[in-house]
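# A structural walkthrough
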Amino acid sequence: MRLSLSKKTPTSVIPAEAGIFAHFSGNRGFTLIESLVVIGILSLLTSMLLFYNRGTETQISLLKEKANITSALFKAKDLSLANFTTGDSLANVCGYGVHFEKTRYFIYQDLFRDCAASDRIYSKDNENEILKDDIFILSSSLNLTNLADLDIFFLPPIPVVYFDGHPATGEKEVGLSNQERNIEGKIIINSAGQISNE
């Protein structure tokens, strides 16, 4: 038995200049249905990307604000120690703290003639206590949670920590969240003056 292979002759010859798209030369473009499907998929992907970016933007804003609050607390603690080591008693500064309000927080110095009799809180009637370079305004997309007005104060030399004018016992949380409260974070200060983020 003998097999014969026959040569197939091409029915149409494609010129070399036509390139790889020569087979599609008869099509004029996409149909309406194909165009609508592509537009639908692109709009779905775009909306997902925009939603993802909004969540990421809020998360980044929250992380930056947590870092700013932590930095302000460490600065107040460092200023208390620096004030004690330099012996700057002429200014009548008993220590430094951070005062939190609903939309802002700032570092303040407790100005009092007799530090033993000081209340160790920010006095709203004395604007000289605020360090003008250390006022922080919260982003409009964020809120401080779990507090109304809060004072965290560091009294040198150790420094001893005070929450709202009372010696610290346990921990105090400064909570942050976005408007919808689905992204949250907190800074924890304990009675030993340790500051941590969660």
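Note: the structure precedes this text.
First, a word on scope: everything that follows refers to the structure included in this document. (Residues numbered from 1 in each chain as written. Predicted model: local features only at pLDDT ≥ 70, side-chain atom pairs only at ≥ 80, totals over all residues. Heavy atoms only, no water.)

### Section: unusual backbone geometry
With an omega dihedral of 15°, the bond running from P156 to P157 counts as a cis peptide bond. Checked against the element boundaries, P157 lands in the loop between strand 5 (150-155) and strand 6 (160-163). With omega at -5°, the peptide bond leading from I158 into P159 counts as cis. Inspection of the secondary structure assignment puts P159 in the loop between strand 5 and strand 6. Positive phi values are uncommon outside glycine, yet R120 reaches one of about 60°. (Helix = DSSP H or I, 4+ residues; strand = E, 2+ residues; numbered from the N terminus.)

### Points about the pattern of salt bridges
Applying the stated criterion across every chain yields a total of five salt bridges. Between E101 and R104 there is a salt bridge; the shortest N-O distance is 2.9 Å. Among the charged side chains, a network of salt bridges with common partners joins E173, K186 and E198. (Salt bridge = Lys/Arg side-chain N within 4 Å of Asp/Glu carboxyl O.)

### Overview of the sheet that holds strand 4 (residues 142-145)
As summarised here, the arrangement of the four strands in space is 4-8-9-10, forming an open sheet in which the pairing is antiparallel. Taken across any chain shown, the strands that pair with only one partner, and hence form the sheet edges, are strand 4 and strand 10 (195-197). This sheet shows a mean twist of 20° between the axes of neighbouring strands, independent of strand direction. (Pairing = 2+ DSSP bridges. Axes fitted to C-alpha atoms, helices over the stretch in contact; angles between N-to-C directions.)

### Description of the packing of aromatic side chains
Under the definition given, this model contains six aromatic pairs. Where F106 meets Y122, the ring centres are 5.0 Å apart and the plane angle is 80°; that geometry is what we call edge-to-face. Within this pair, whereas F106 is found in strand 2 (residues 104-111), its partner Y122 is found in the loop between strand 2 and strand 3 (130-137), the two being separated by 16 residues in sequence. For the pair F106 and Y122, a shared accessibility class is recorded, and that class is buried. Each residue in the set F106, Y108, Y122, F153 and Y162 is aromatic and connected to the rest through ring pairs, giving one cluster. (Phe/Tyr/Trp six-rings, centres within 6.5 Å; stacked < 30°, edge-to-face > 60°. Buried < 20%, exposed > 50% of the residue type's maximum accessible area, 1.4 Å probe, protein only.)

It is worth stressing that arrangement in space is one thing and function is another; only the former is reported here.
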